[in-house]
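# Breakdown of the fold
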Amino acid sequence: MRATAIRHRSRRGEEAEIRAQFDANVFGLFALTRAVLPIMRGQKSGHVINITSVAGQVGFPGSGYYAASKHAVEGWSDALLAEVKPLGINVTCVEPGPFRTDWAGRSLKQTPVKIADYAETAGKRLDGTREVSGTQAGDPVRAGEAMIALTEDANPPRHLVLGAWGV
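Residues numbered from 1 in each chain as written. Predicted model: local features only at pLDDT ≥ 70, side-chain atom pairs only at ≥ 80, totals over all residues. Heavy atoms only, no water.

### Quick word on the overall build of the protein
- Check the secondary structure of the protein and you find four helices and three strands.
- For the protein, the residues scored as buried account for 29% of the 167 residues in total.
- In the protein, the share of contacts with a sequence separation of at least 24, taken over all contacts with a separation of at least 6, comes to 72%.
- Per element, the accessible surface of the protein, about 10,400 Å² overall, is 59% carbon and sulfur. (Helix = DSSP H or I, 4+ residues; strand = E, 2+ residues; numbered from the N terminus. Buried < 20%, exposed > 50% of the residue type's maximum accessible area, 1.4 Å probe, protein only. Contact = heavy atoms within 4.5 Å. Areas by Shrake-Rupley, 256 points an atom, 1.4 Å probe, with all protein chains shown as cover.)

### Regarding the pairing of strand β1 (residues 46-51)
- Sheet analysis places β1 next to strand β2 (residues 89-96), joined by six bridges and oriented parallel. Across the sheet, the residue bridging to Ile 51 is Val 94, located in β2.
- Read as a crossover between parallel neighbours, the route from β1 over helix α2 (residues 64-84) to β2 is right-handed. (Pairing = 2+ DSSP bridges. Right-handed = clockwise from strand over helix to strand, strands pointing away.)

### Let's talk about the pattern of salt bridges
- Counted according to the given criterion, the structure contains three salt bridges.
- With its nearest N and O atoms 2.6 Å apart, the salt bridge here joins Asp 78 to Arg 158. Taken as a pair, Asp 78 in helix α2 and Arg 158 in the loop between α4 (140-152) and β3 (159-162) lie far apart in primary sequence, 80 residues in all.
- Assessed through its relative accessible area of 42%, Asp 78 is described here as partly exposed.
- Through salt bridges with shared partners, a single ionic network connects Glu 74, Asp 78 and Arg 158. (Salt bridge = Lys/Arg side-chain N within 4 Å of Asp/Glu carboxyl O.)

### Things to note about the nonpolar core
- Of all hydrophobic cores here, the largest spans seven residues; its members are Leu 37, Met 40, Val 48, Leu 80, Val 84, Ile 89 and Val 91.
- Breaking this core down by element, the ones donating at least two residues are α1 (2-43), α2 and β2.
- Listed in part, the five residues of the second largest apolar core include Val 94, Ala 143, Leu 150 and Leu 160. (Core = buried A, V, L, I, M, F, W, Y, C linked by side-chain atoms within 4.5 Å.)

### Side note on the pairing of β2
- When you tally the buried positions in β2, you get seven out of eight residues, the bulk of the element.
- One ladder, built from four bridges, connects β2 with β3; its direction is parallel. For Cys 93, the partnering residue across the bridge sits in β3 and is His 159.

### Side note on the environment of Glu 95
- When you line up the elements, Glu 95 lands in strand β2.
- We classify Glu 95 as buried; its relative accessible area is 0%.
- Between the C-alpha atoms of Glu 95 and Asn 50, which are 45 residues apart in sequence, the distance is 8.7 Å.
- Sequence-distant contacts of Glu 95, defined by excluding residues within four places in its chain, comprise Thr 52, Ser 53, Val 54, Gln 57, Glu 74, His 159, Leu 160, Val 161 and Leu 162.
- There is a polar contact of 2.7 Å between the side chain of Glu 95 and the side chain of His 159. (Polar contact = N/O pair within 3.5 Å; in protein donor to acceptor, adjacent residues only side chain to side chain.)

### Description of α2
- Under the 1.5 Å per step criterion, the end-to-end length of α2 is 30 Å for 21 residues, consistent within 8% with the ideal 30 Å.
- If you check which residues of α2 are buried, you get Tyr 66, Ala 67, Ser 69, Lys 70, Val 73, Glu 74, Ser 77, Leu 80 and Val 84. Seen along its axis, α2 keeps its buried residues to an arc of 155°; they face one direction. More than 90 degrees from the buried face of α2, the exposed residues found are Ala 82 and Glu 83. (Expected span 1.5 Å × (residues − 1). Arc of directions from axis to C-beta.)

### Looking at the packing of aromatic side chains
- Following the criterion strictly, the structure yields two aromatic pairs and no others.
- A centroid spacing of 4.5 Å and a plane angle of 40° characterise the contact between Phe 30 and Trp 76, whose relative ring orientation is tilted. Taken together, the residues Phe 30 in helix α1 and Trp 76 in helix α2 connect sequence positions 46 residues apart.
- Residue classification places Phe 30 among the buried residues on the basis of a relative accessible area of 17%.
- Judged by relative accessible area, Trp 76 falls into the partly exposed class, the value being 23%.
- Here the aromatic residues Phe 27, Phe 30 and Trp 76 are joined through ring pairs into a cluster of three or more. (Phe/Tyr/Trp six-rings, centres within 6.5 Å; stacked < 30°, edge-to-face > 60°.)

Below is the structure:
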């Protein structure tokens, strides 16, 4: 009985982490966008820039829930653009690959349980992600400059892939 209780607690913890990821990456973004849209509609202009990821286009082993949250933002952004473009509002998803940020450092949440069947797929990807933390090729300053340039573009792209993975 005790082992079952521990297992259920563990599953609940994993479920809570998945929901927290969706709260931050999806529902938080939805709420913030809803907060600024009245201003943009009123001025008949604006630009919503949603940070997704290369993982919003392609799911990688070991990051399925993260990819799912970023895919959700991509789909929602498609619908949002169709709704607000006639009002003078643009929507772009910025899809960075690896950048020198804390994403792969202390903010990265990885499943602590290793399943041997996934060692060569998800396991290798998780290990590799940890190992490159802080040494990724992508320059966050240049990424910020590219996002500012988006707001000055009369015809901004719907997608902007940044970093070496986007080449």
